Amino acid sequence: MTSNYRKIGDFIQQVNTKNEDGSIELLLGVNLDKVFINSVANTIGTDMTKYKVIKKGQFGCKLMSVGRDKKLPISRLVDYENAIISSAYYVFEVVDENILNPEYLMMWFSRPESDRYLWFQSGGDVRGRITWDDLCQLPIKVPSIEKQNEIVAEYNTIVNRIKLNEILNQKLEDTAQALYKHWFVDFEFPNADSKPYKSSGGEMNYNEELDMEIPFGWEVKTVNDAVELGRGSSPRPIVNYISNEGMPWIKIADATKSFNQFLLETKEFIIEEGVPKSRLLEPGTLILANSGSLGTFQILDIQACAHDGWHIFYDWKLVSRQFMTKFLQYYNDDILTSAYGSVFTNLKLDSLRVYPIIIPNERVMDLFTKLVIQLEEYQLTLAKEVQLFAKLKDLILSKMSKVNTKTAVV
């Protein structure tokens, strides 16, 4: 370790407070994205007094599987005054915040280099765990507190922009979903006089298949009637085709970590020889996960290949892509009840094909499509901004190792 670095252990101390009176009920865990999440553990009949207390501003981390996951699950509690976590976690805090800003420390833990260092430290353990002493050996650059505050402020500006975009995106999504429900569930789409159809006395006809009334002139078809469906394909063995460059290769993880419904990039690629053995898709294609994160869908903003874990929508016949997207969102839970499988739950293509869908008249379909296109254009802009902000975040984190520490007071 060079003189420019110090050990993290010089600046932190463990906290071991138990929930002795059982007064704290909020049970949290930390995921690999370094975020606190509500625990999914079944705590019925569990003695909650044995759990550790973590207070706002303190850190919680789990050291047992760093070697396996190649990441340290760690986060700093900021959203709650206090909570409890499993006794398998370590809780610690910064000794002197006038020397080390806790937010700066969390940024340091967020660097890929820190995860790689700790992963290397786990090499001798069969389970891939590290010890508290291993964690304390992690090198850190600690500039002056003024410089730390400056770096944290720059980083938080980017983080806050991302959060703002998340809020705006959710509002747009809520608007689109509310519009779909109002028009195609409540049947209050604007009639020729721009008045809500059903409540203005619009003619309704009984549909035997759905056992309900639908607007006059509308039809009930299947998804297969409305659009052509296909499935992705994987070149095998896939390990022979994966690369760091080439044609983008869409994995389920790319979709689940996407900012919104638009897929702008992938983490992995396949070589040119693998493209003919897969399914090459063009920008604008709608895909739906049939396994893993079942029901997750994405709209491609890039040309990419999809493996057989994706259902593909193309050749729009009776509906627009915008209509189908909102249809899938609204009926997602119901559609997934048709999913089945022996080991893994899968949404079979045949089950999706026969799912009923109400087809509106052309005027309503066109009007809805135009409105959703406007919302989606804004959502795509937000997604591209977040993509840029994420790169700026990574840049700030990478620059932390180059910061001047000569004026630091430690």
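Up top is the structure these notes are about.
Attention here is on the structure that accompanies the text. Worth saying up front: this structure is predicted, and the values here are computed from it rather than measured. (Residues numbered from 1 in each chain as written. Predicted model: local features only at pLDDT ≥ 70, side-chain atom pairs only at ≥ 80, totals over all residues. Heavy atoms only, no water.)

**So, the sheet that holds strand β9 (residues 90-94)**
Across the sheet, four strands lie side by side as β2-β9-β6-β7; this open sheet has antiparallel pairing. Either end of the sheet is taken by a strand with one partner, and the two such strands are β2 (12-14) and β7 (74-76). The average undirected angle you get between the axes of adjacent strands in this sheet is 30°. As defined by bridge partners, strand β6 (residues 59-61) adjoins β9 across three bridges and the pair is classed as antiparallel. Bridge pairing in β9 links C61 to Y90. (Pairing = 2+ DSSP bridges. Helix = DSSP H or I, 4+ residues; strand = E, 2+ residues; numbered from the N terminus. Axes fitted to C-alpha atoms, helices over the stretch in contact; angles between N-to-C directions.)

**With respect to the side chain of N191**
Along the chain, N191 turns up in the loop between α5 (145-184) and β11 (204-207). A polar contact is formed between the side chain of N191 and the backbone nitrogen of D193, at a distance of 2.8 Å. Not counting residues up to four positions away in its chain, the partners in contact with N191 are Y197, S200 and R363. (Polar contact = N/O pair within 3.5 Å; in protein donor to acceptor, adjacent residues only side chain to side chain. Contact = heavy atoms within 4.5 Å.)

**Some thoughts on the side chain of H307**
Here H307 shows up in the loop between β22 (304-306) and β23 (310-316). When its relative accessible area of 13% is taken as the criterion, H307 is described as buried. Within the structure, the side chain of H307 is placed 3.4 Å from the backbone oxygen of I250, a separation counted as a polar contact. Among the polar contacts listed, one links the side chain of H307 to the backbone nitrogen of G309, at a separation of 2.8 Å. (Buried < 20%, exposed > 50% of the residue type's maximum accessible area, 1.4 Å probe, protein only.)

**Observations concerning a nonpolar patch on the surface**
A contiguous nonpolar patch, built from L388, L392 and L395 and spanning about 250 Å² of accessible area, is present on the exposed surface. As for its position among the elements, L392 is in helix α11 (residues 362-399). (Patch = residues over 30% accessible without salt bridge, like charges linked within 9 Å, V, L, I, M, F, W, Y side chains within 5 Å. Areas by Shrake-Rupley, 256 points an atom, 1.4 Å probe, with all protein chains shown as cover. Salt bridge = Lys/Arg side-chain N within 4 Å of Asp/Glu carboxyl O.)

**Observations concerning the packing of helix α2 (residues 102-109) against α5**
Where α2 contacts α5, the axes come no closer than 9 Å and their chain directions differ by 65°. Note on packing geometry: the crossing formed by α2 with α5 is left-handed. Taken together, the residues of α5 that come into contact with α2 (itself represented by E103, Y104 and M107) are Q148, I151, V152, Y155 and N156. Taken together, the residues that form the contact of α2 with α5 break down as five nonpolar, two polar and one charged. (Left-handed = near helix turned anticlockwise from the far one by under 90°. Nonpolar A, V, L, I, M, F, W, Y, C, P; charged D, E, K, R; others polar.)

**Things to note about α11**
With 38 residues, α11 ought to run about 56 Å at 1.5 Å a step, and its terminal C-alpha atoms sit 55 Å apart, in line with that. The N-terminus of α11 is capped by N361, whose side-chain oxygen sits 3.3 Å from the backbone nitrogen of R363. (Expected span 1.5 Å × (residues − 1).)

**A closer look at the pairing of strand β12 (residues 212-215)**
With four bridges joining them, β11 and β12 adopt antiparallel strand pairing. The residue of β12 that forms the bridge with M204 is P215. Here β11 hands over to β12 after four residues, with D211 in that stretch at a positive phi of 55°.

**Quick word on the nonpolar core**
Among the nonpolar cores identified, the biggest contains 41 residues, and F313, F323, M324 and F327 are the most heavily contacted of them. Contact partners of M324, with chain neighbours within four places excluded, come to V223, A226, V227, L286, F313, W316, V319 and I357. Counting residues in hydrophobic clusters, the runner-up holds 38 residues, among them F59, C136, V159 and L397. (Core = buried A, V, L, I, M, F, W, Y, C linked by side-chain atoms within 4.5 Å.)

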